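Coordinate analysis (summary)
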Amino acid sequence: MTRRHPRSRRSGKPATARQHGGKDTGHRSAGRLRIIGGDYRRRLLPVLDSPGLRPTPDRVRETLFNWLAATLPGARVLDLFAGTGSLGLEALSRGAREATFVERDARVADQLTANLATLGAAPRGRVVNDDAATFLAGTPCPASLVFLDPPFRQGLAEPCCAALEAGWLADDAFIYLETEAGLDPQVPAGWQLHREVQAGDSHGRLYRRDTGVMSPPDDAC
């Protein structure tokens, strides 16, 4: 997900974007991210033009959060490959209790930290400047909602899905996985496909984890 933000075929306006890694060859101000709904609705936040940025259309975000409306209040969110943090920030705006954003590009992570402060959401948002695979190898903290949007065509989707099963998911967690169109990723047993949406080269799938066992929430991490 690199290059300047392409223009929407429908509106002619720049699309929002998320970060998917890539070599750090310099950054410049590229545009703004719009929060769609919730407490921060219509707030505009600066985003950087960084290698690896790929657009996440507003209409896909709106569809996804309509699906998640009943699950967001009080949710503990993990936003992997966070980039602009568009999904995690939207979740905070709509009532999530807390969100952890994992972003390996230091300057993109710094911008996300600044945007959390701008929104007054810093107490509920934590930015981790790290590679997603390295982060997932650490001490887990179960999340009730995970956004997993890895770089396309790098074979990262299935390993990250498997790594999430090492204690990163609540028993009934929702997982949103976005991959390139045409990819049919193998996900862990117990992940039930709940909804899916396709837009251009992206295919988004929302899974519900069902282990058949309900554990009390872990508030210690």
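Residues numbered from 1 in each chain as written. Predicted model: local features only at pLDDT ≥ 70, side-chain atom pairs only at ≥ 80, totals over all residues. Heavy atoms only, no water.

Empty space left among the atoms is revealed by rolling a probe the size of a water molecule over them. One pass over the structure, following the stated rule, counts 2 cavities of 30 Å³ or more. A volume near 40 Å³ is recorded for the second largest cavity. In terms of lining, the second largest cavity is formed by Pro-57, Val-60, Tyr-176, Glu-178, Val-197, Gln-198, Ala-199, Ser-202 and Gly-204. At the level of elements, β9 (169-180), β10 (191-199) and β11 (202-209) are the ones that each hand at least two residues to the lining of the second largest cavity. Take the lining of the second largest cavity: its biggest share by element is 3 residues, from β10. When grouped by side-chain class, the residues that make up the lining of the second largest cavity number 5 nonpolar, 3 polar and 1 charged. (1 Å grid on protein atoms, 1.4 Å probe; cavity = no way out; pocket = protein on both sides within 12 Å on 5 of 7 lines; lining within 4 Å. Points joined across faces, edges and corners; volume = space filled by probe spheres on them. Helix = DSSP H or I, 4+ residues; strand = E, 2+ residues; numbered from the N terminus. Nonpolar A, V, L, I, M, F, W, Y, C, P; charged D, E, K, R; others polar.)

Both trends apply: most residues other than glycine have a negative phi, and most peptide bonds are in trans. Positioned with a positive phi, Arg-42 is a non-glycine residue whose angle comes to about 70°. Relative to the helices and strands, Arg-42 resides in the loop between β2 (28-34) and β3 (44-49). Of note in this structure, Arg-153 is not a glycine but carries a positive phi near 60°. Taking relative accessible area as the criterion, Arg-153 reaches 55% and is therefore assigned exposed. (Buried < 20%, exposed > 50% of the residue type's maximum accessible area, 1.4 Å probe, protein only.)

Judged by nonpolar contacts, the single largest core of 31 residues is most densely connected at Leu-64, Leu-68, Val-77, Leu-89, Leu-92, Phe-101 and Phe-147. Going through the elements one at a time, β3, α1 (58-67), α2 (86-93), β6 (98-102), α3 (106-119), β8 (143-148), β9 and β10 are the ones with two or more residues in this core. Element by element, the count of residues in this core is highest for α2, at 4 residues. Residue contacts for Leu-64: discarding those within four places in its chain leaves Leu-87, Phe-147, Tyr-176 and Leu-206. Counting residues in each nonpolar core, the second largest holds 24 residues, with Val-128, Cys-141, Val-146 and Trp-191 among its members. (Core = buried A, V, L, I, M, F, W, Y, C linked by side-chain atoms within 4.5 Å. Contact = heavy atoms within 4.5 Å.)

Glancing now at the packing of aromatic side chains. With the rule as written, the count across this model stands at 3 aromatic pairs. Judged by centre distance (4.9 Å) and plane angle (35°), the ring pair of Phe-135 and Trp-168 falls under tilted. Taken together, the positions of Phe-135 in helix α4 (residues 132-136) and Trp-168 in the loop between α5 (157-164) and β9 put the pair 33 residues apart, joining distant regions of the chain. Phe-135 gets classed as buried once you look at its relative accessible area, which sits at 10%. Relative to Tyr-207, the ring of Trp-191 has its centre 5.7 Å away and its plane inclined at 50°; by these criteria the two rings are tilted. Here Trp-191 is found in strand β10, whereas its partner Tyr-207 is found in strand β11, with 16 residues between them in sequence. Exposure remark for Trp-191: the relative accessible area of 6% places this residue in the buried category. (Phe/Tyr/Trp six-rings, centres within 6.5 Å; stacked < 30°, edge-to-face > 60°.)

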